[in-house]
Amino acid sequence: MITVDAVALYLLPAVWRSVVPSHLALHIPDGFLSLPVSLVTWLVAIVLIVVSLKRVESEYKDRTVPLMGVCAAFIFAAQMINFPIPGGTSGHLLGGTLAGALLGPWAGSLVMTVVFIVQGSLFQDGGLTVLGANVFNMGLIGTFAGYYLYRSIRFALGRNSLSKTLIAVAVASWVSVVVASIATAIQLALSGTVPLAVALTAMVFWHVFIGIGEAIISVTTISFIWRSRPDLLYEPPRKARSLASEPLMPR
Amino acid sequence: MSSHLHQQRNRAFVVTGLGIALLIAIFLSPFASKDPDGLDRVSEDLKFGEKELQDKPAYKLPFYAIFDEYAVRGVPEQIATPLAGLAGTLVTFGLAWGAGKLLVRKPGVPPEDDVSDE
């Protein structure tokens, strides 16, 4: 049934699909970064991933495991959907801040890493030689910088308020995208690919808009979880904690 | 409180979440904007797009015989991207779940406090 519906649904876009070539994302392709920059970003990514592995091992409960699967699946799917921004450019969700808010920085980082490994190895999206840079820029900046910014803002404004939590999600996810674009520009400049000033100006200009899309998707998702299962958030609102203290998976 | 109820509610959340992800990957992916995205646009404008390696390491992986970017090879164009989205979403779901399962302590270990202790 799905295929029948799908064929009908895609008749129109198929025409337009065939006209325009597909292309990749904020994902850096092979060749844009120099060997030293690739190696340093690999190193930083690996260190943070190893720390995340250890923290997940020591701190998380098995109730998180299915959530990791769901979060990874959702972010992979959402990253496929490029949304248009003014000026003939597009952007898509990165999702690091979202993953951090849902799963915490440690499991969130692992989830983002899985997404970029699948994209790079199965779908040639993002160069394998620069996978470290892509995991760092689009994943770890969100799951660490984005997450801690979200946490600070939310806890300062009011942890148990949905609207204040959403403000924190919006600000942190927008900032994480702009910071990711700055990091990418710096790496491109250090690699001698493009001068820093022009790279920064161009990257930040577009990602100021792309970050708005990131904020809208992240806010929508966290709002949905808050309304349906607030106890599943990494830092649930206090009123949901009585629920959270119940065993969530069969023992 | 029955843990049975919690189990059901958790399963409902996982099924709903995965279902939403699959719907997005299958039915929305063909409508994704084809405009160049942030970095593509900048690499075109600043003319460093040609530095992209043509012979990518990923082309040497067996998956390249199945997927041409986000399109399954050898199927009608209308379903190539939805199928790739379906496969990618399920693989990502399975890998992340599996990674979590390998790492997180086994059930039966006495539970401590809440996950999110301050």
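Residues numbered from 1 in each chain as written. Chains lettered and ligands numbered in written order. Predicted model: local features only at pLDDT ≥ 70, side-chain atom pairs only at ≥ 80, totals over all residues.

1. What about the overall build of chain A?
A count of helices and strands for chain A gives eight helices and two strands. In sequence order, the secondary structure elements of chain A are arranged as α-α-α-β-β-α-α-α-α-α. Burial analysis of chain A (251 residues in total) assigns 58% to the buried set. Across chain A, every contact between residues at least 6 apart in sequence was considered, and the portion connecting residues at least 24 apart equals 72%. (Helix = DSSP H or I, 4+ residues; strand = E, 2+ residues; numbered from the N terminus. Buried ≥ 20, exposed ≤ 12 C-beta atoms within 10 Å, placed from the backbone. Contact = placed C-beta atoms within 7 Å.)

2. Brief notes about the overall build of chain B
Helices and strands together make up the secondary structure of chain B, namely three helices and zero strands. Written out in order from the N terminus, the α and β elements of chain B read α-α-α. Here chain B holds 118 residues, and the buried ones make up 34% of them. Intrachain contacts of chain B at a sequence separation of at least 6 include 50% that bridge at least 24 residues.

3. Considerations on the packing of helix H4 (residues 96–122) of chain A against helix H3 (residues 77–103) of chain B
For the pair H4 of chain A and H3 of chain B, the least separation of the axes is 10 Å and the interaxial angle reads 140°. When the axis of H4 of chain A is compared with that of H3 of chain B, the two are oblique. The handedness of the crossing between H4 of chain A and H3 of chain B comes out as right-handed. Contact with H4 of chain A, carried on its side by Ala 107, Leu 110, Val 111, Val 114, Val 115, Val 118 and Leu 122 of chain A, involves Gly 88, Val 91, Thr 92, Leu 95, Ala 96, Ala 99 and Gly 100 of chain B of H3 of chain B and no other residues of that element. (Axes fitted to C-alpha atoms, helices over the stretch in contact; angles between N-to-C directions. Parallel < 35°, antiparallel > 145°, perpendicular 65-115°, else oblique. Left-handed = near helix turned anticlockwise from the far one by under 90°.)

4. Quick notes on the nonpolar core
Residues and elements named next belong to chain A. Ranked by size, the top nonpolar core spans 102 residues in total, and within it Met 68, Cys 71, Ala 72, Ile 75, Leu 102 and Val 111 carry the most contacts. The element best represented in this core is H4, accounting for 15 residues. Setting aside chain neighbours within four positions, we find Ile 75 in contact with Leu 93, Gly 95, Ala 99, Val 111 and Val 115. (Core = buried A, V, L, I, M, F, W, Y, C linked by C-beta atoms within 7 Å.)

5. As for helix H6 (residues 162–190) of chain A
A rise of 1.5 Å per residue sets the reference length of H6 of chain A, with its 29 residues, at 42 Å; its end C-alpha atoms lie 41 Å apart and thus fit the reference within 8%. Positive phi shows up at Gly 192 of chain A, right after H6 of chain A, with a value of about 75°. (Expected span 1.5 Å × (residues − 1).)

6. What about the interface of chain A and chain B?
Listed per partner, the contact involves 88 residues of chain A and 71 residues of chain B. Here the side of chain A that touches chain B is built from residues that sort into 54 nonpolar, 23 polar and eleven charged. (Nonpolar A, V, L, I, M, F, W, Y, C, P; charged D, E, K, R; others polar.)

7. What to know about the environment of Ile 216 of chain A
In this fold, Ile 216 of chain A is placed in helix H7 (residues 196–228). Distance from Ile 216 of chain A to Ala 170 of chain A, taken between C-alpha atoms, is 7.0 Å for residues 46 residues apart in sequence.

8. Description of the confidence of the model for chain B
Residues and elements named next belong to chain B. Scored by pLDDT, chain B has a mean of 88; 87% of the residues are at 70 or more. The low-confidence segment residues 113–118, where pLDDT is below 50, has nine contacts with residues more than four positions distant or belonging to other chains. Taken together, the chains of this predicted complex give a pTM of 0.87 and an interface ipTM of 0.88. (pLDDT = per-residue confidence, 0-100.)

9. Comments concerning the packing of helix H2 (residues 35–59) of chain A against H4 of chain A
Residue and element names in this part refer to chain A. Two elements in contact, H2 and H4, have axes separated by 8 Å at closest approach and are oriented at 125°. Taken together, the axes of H2 and H4 are oblique relative to one another. In this structure, H2 meets H4 at a crossing whose hand is left-handed. Taken together, the residues of H4 that come into contact with H2 (itself represented by Leu 48, Ile 49, Ser 52, Leu 53, Arg 55, Val 56 and Glu 59) are Trp 106, Ala 107, Ser 109, Leu 110 and Thr 113. Across the contact of H2 with H4, the residue classes tally to seven nonpolar, three polar and two charged.

10. Here's the deal with unusual backbone geometry
All names here are of chain A. Even without glycine at this site, Gln 124 takes up a positive phi of about 55°. Structurally, Gln 124 is set in the loop between H4 and helix H5 (131–157). Gln 124 sits in the buried class, given 24 other C-beta atoms within 10 Å.

11. Examining the environment of Trp 226 of chain A
Residue and element names in this part refer to chain A. As for its position among the elements, Trp 226 is in helix H7. The spacing of Trp 226 and Leu 162 is 64 residues in sequence and 7.4 Å in space, taken between C-alpha atoms. Beyond its immediate chain neighbours, meaning those up to four positions away, Trp 226 contacts Leu 162, Thr 165 and Leu 233.

12. A closer look at the confidence of the model for chain A
When pLDDT is averaged along chain A, the result is 88; 85% of the residues meet or exceed 70. Confidence drops under pLDDT 50 across residues 1–24 of chain A; counting only partners more than four residues distant or on other chains, this segment forms 24 contacts.

13. Things to note about the environment of Ala 168 of chain A
Residue and element names in this part refer to chain A. As for its position among the elements, Ala 168 is in helix H6. Assessed through the 26 C-beta atoms surrounding it within 10 Å, Ala 168 is described here as buried. Once the C-alpha coordinates of Ala 168 and Lys 54 are considered, the two residues, 114 residues apart in sequence, prove to be 27 Å apart. Once residues lying within four places of it in the same chain are set aside, the contact partners of Ala 168 are Tyr 150, Ile 153, Arg 154 and Leu 157.

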